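Observations on chain architecture
The primary structure of each chain is shown beneath.
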Amino acid sequence: MLKKYNTIEDKDFDISDDKFRRLKIFTMHGTVLRELVGTQVSGDCPFCDKEKHFYVNWEKLLWDCKICGEKGNLQSFLNKINERNKKQINPRLLHALAEERRLPDKAFSWIELGYNHGQYTMAVRDKDKNLIDLRIYRIGSKVMATAGMQTGLFGLLEMLQHPKKPIYICEGEWDAIAMQWLLDSISKPGRAVCSPGANTFKPEWVDFFVGHSIRVCYDNDIAGTKGEMLVLDRLAKKVKSMQFIHWPSGFPNGYDLRDCVSKYAFERKRPKRTFRRLKSYMRDRPRTQISADQEDALEGSKTPEVDPSVNIEDVFRIYEEHLHEPSRMGIEMCTIAALASVFDTDPVWVFLVAPPSSGKTAIISGFRYLSQPYDTMALFLSHITTHSLVSGMETRRGDPSIFAQLNGNKMAFYIKDFTTVVSMRDTDKEDIYAQLRDAYDGYTMKSFGNGVKREYNNLKFSLVAGVTELIYDESVNFQALGERFGKLNIGRGNDVEFSRLAIAKSMLTRDGFKEMEDKCAKTVYSCIKNLAKRAEEVGFKLPKIDKDLEKAIIGISLYVSAMRGCVSRDRYKRDLIKSAPYTETGIRFAKMLAAIAAVRAFMYGRNVAKLEDLPILRKIALDTVNQRDEELLRSVYYLNKDKHTMPFKKNILEDSRYTPYTVKCVLEDLCMLKILEKYRTGRKHLYRLSKQMLSVVEEAHLYDDEYTIKRKNPKVHLRRSKTGKGRHSKLILKK
Ligand SMILES: [Zn+2]
């Protein structure tokens, strides 16, 4: 195939693709080729600038100049160009480059830098010091390799001269130059090398690294993540040690080593601190463990563009277009989870509870772009299986456990469907609950029969999991997780009209469902990236919590821990109490609510969390405790409040949908936990909230009418009953 190519002078000449590519070595370094004469191409000499007397034989790739007499082969051409370019560099040109790259001039002292006609060149040599590539950089564009040359390791010779130093494998020349300068400026041992990009690591390079300590510092993007896997594949078990940089979640996509070194070490003049910071990002494993088939699926996957104008209201709007009345609180919760890990708050773990196909999956799915391969802010899974959190399997790429990915990374963890766990066998389920419980507290360890021992000591992540109402039957097993999980019920109960409209909407939008879903996910991604960026701008400083809200949070936590208290009864003799009733302290829950409130305030652009952030916290509290107990307690509360009288048990029975025996047992348990008080007058059983519980409920604004928040608590006076017969105080409410 012959194609026509233009010379710079706009003359056409016919030459095959392959031949032309070989000639590019000459044209890329400033040779103007003009005419094809047999096997020769003639043009202008790059060394003496004389026109039309420079000849290249495109078959043998030999060249000569009839004027200045220079001649040779490809290698000698490149060597000569390199030597000439090196002579042409001067302090002014060097400074221009350094300034544009935001690095000090001396950072470039160890490289063979050259310049010619607007382009900088950097020499790449092999282990025998042969020049194998001359990289070209024009200010404002990307670094290019000289066409047709070998891909080499930039910095290889220097690395081989210092065999005992740790090696920093970087992505691209600028990262390597920045890293080397950082190391030199604080006299830390180490050599930086790089290949042209993260997707290149040649098998023949492996020998250079055998027995060394390796640190892989690739960019914060998909290519970087995949590049790490390639390095791991090539070097695993051949090197002394290997570490990988894990950019904190919330860092922009594409963030790289030079961004960090330029900003913190050079511009802010804090090289030592920058080095410590980078060191703290290093982990013993790559950022992700992508399996081979996932990798295929990755081809062509692209991180969505971030639209800087998108905010949380846009997210609500797009979800409302997509779904019928989606739960705002559900969307808020998922967003808060992502930001909680950006701010590194106490863990926020919440179940989104709703019946099957009620939109919770669609809400959580909207957050998938935060996860690999698109981003590293979150881990997104459809469901988890028995061995997925901690796995004893040994794979080529190391530990495939989910905890291995979460360990040391501040991420959000989204599980689309947790119901699969709820319907597992009890032993499997208990195993998973125990692992989660440990993970919440930051450390878990497990040994396997095959001698593998997994240990994770740096777990800290936020977690949102979708689950059906089956989770409420989990009381016994679930005790293990205790106060670690909040629940947020975003279902609509048995609202038939709602279901009717939801079904109608899903039929209407069926055709564009996938596009709509993708649009949602992209909007969510932009919104969270924008919020994360703002978080960085404010130095990850969380809004404060004002006094009113603080009081309410304490109330809510006391309420939840009291309601989660447990009376253990004998299995057969229900009257027999096995041990003293106990309650949890509620500290974990309070911390979680405080984190949610603060992040929510930030999300809405406020710098103080106030009572207006309370509704979601209150809903989580009411949805978290046993729903039957909550309902009965609420009945007792309202009966007291509305009628200003003591309720009879009969009233509660009429008010609830439970059998008399159930009501009796629950009320008795609640009394034993000092949540209710019971006494008799004549033949009547009377129940009311205990003094302490009443004050807790009022403080937490738990049952304020219509869930509205009143700034002032209603005045509650506790007085001796005037009839004075009972030992108990009578509750009198005053407006
Ligand atoms: Zn010449």
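Description of the structure in this document.

Cut-off values and rules
Residues numbered from 1 in each chain as written. Predicted model: local features only at pLDDT ≥ 70, side-chain atom pairs only at ≥ 80, totals over all residues. Helix = DSSP H or I, 4+ residues; strand = E, 2+ residues; numbered from the N terminus. Buried ≥ 20, exposed ≤ 12 C-beta atoms within 10 Å, placed from the backbone. Contact = placed C-beta atoms within 7 Å. Pairing = 2+ DSSP bridges. Axes fitted to C-alpha atoms, helices over the stretch in contact; angles between N-to-C directions. Core = buried A, V, L, I, M, F, W, Y, C linked by C-beta atoms within 7 Å. Parallel < 35°, antiparallel > 145°, perpendicular 65-115°, else oblique. Left-handed = near helix turned anticlockwise from the far one by under 90°. Right-handed = clockwise from strand over helix to strand, strands pointing away.

Turning to the overall build of the chain, a few remarks are in order. Counting its secondary structure elements, the chain contains 26 helices and 28 strands. Evaluated residue by residue, the chain yields a buried proportion of 39% over its 735 residues. Nonlocal contacts in the chain, meaning residues at least 24 apart in sequence, comprise 68% of its contacts between residues at least 6 apart.

As a further point, take the pairing of strand β16 (residues 349–353). Summarising burial for β16: 5 of the 5 residues are buried, a large majority. Sheet analysis places β16 next to strand β22 (residues 486–489), joined by 4 bridges and oriented parallel. Along β22, the bridge assignment pairs Phe 351 with Lys 487.

Let's shift gears to the environment of Lys 302. Mapped onto the elements, Lys 302 comes out in the loop between α10 (292–298) and α11 (312–322). With 9 C-beta atoms counted inside 10 Å, the residue Lys 302 sits in the exposed group. As for Lys 302 and Pro 373, which are separated by 71 residues in sequence, their C-alpha atoms are 8.3 Å apart.

The next point concerns the sheet that holds strand β21 (residues 461–467). On the basis of which strands lie adjacent, the open sheet formed by 5 strands has the order β17-β18-β21-β16-β22 and parallel pairing. Only two strands of the sheet have a single neighbouring strand rather than two, namely β17 (378–381) and β22. Sheet twist, expressed as the average angle between the axes of neighbouring strands with direction ignored, equals 15 degrees. Looking at chain direction, β17 and strand β18 (residues 411–415) are connected through 4 bridges and run parallel. Residue Leu 379 lies in a different strand from β18, and its bridge partner there is Phe 413. Where helix α22 (residues 614–624) meets the sheet, its contacts fall on β16 and β22, and the angle it forms with β22 comes to roughly 100 degrees.

This part takes up the nonpolar core. Core analysis: the biggest nonpolar cluster contains 120 residues, and Ala 338, Ala 378, Tyr 559 and Ala 597 have the highest contact counts within it. With 13 residues, the top contributor of residues to this core is helix α21 (residues 587–603). Among all residues touching Ala 378, those that are not within four sequence positions of it are Ala 338, Phe 367, Leu 370, Ser 371, Met 411, Ala 412, Phe 413 and Tyr 414. Formed by 65 residues, the second largest nonpolar core is a distinct cluster that contains Phe 54, Leu 153, Phe 209 and Ala 265.

Axis separation between α11 and helix α12 (residues 328–343) bottoms out at 11 Å; the angle between their running directions is 130 degrees. Classed by the angle they form, the pair α11 and α12 counts as oblique. Viewed along their axes, α11 and α12 form a crossing whose handedness is right-handed. For the pair α11 and α12, the contacting residues are Ile 312, Val 315, Phe 316 and Tyr 319 in the first and Arg 328, Ile 331 and Thr 335 in the second.

Time to look at the pairing of strand β13 (residues 213–217). Sheet topology places strand β11 (residues 167–171) next to β13; 4 bridges connect them, and they run parallel. Within β13, the residue paired with Tyr 168 across the bridge is Arg 215. Pairing of β13 with strand β14 (residues 241–245) involves 4 bridges; the strand directions are parallel. Of the residues in β14, the one forming a bridge with Ile 214 is Met 242. Traced from β13 through helix α7 (residues 222–235) to β14, the parallel crossover comes out right-handed.

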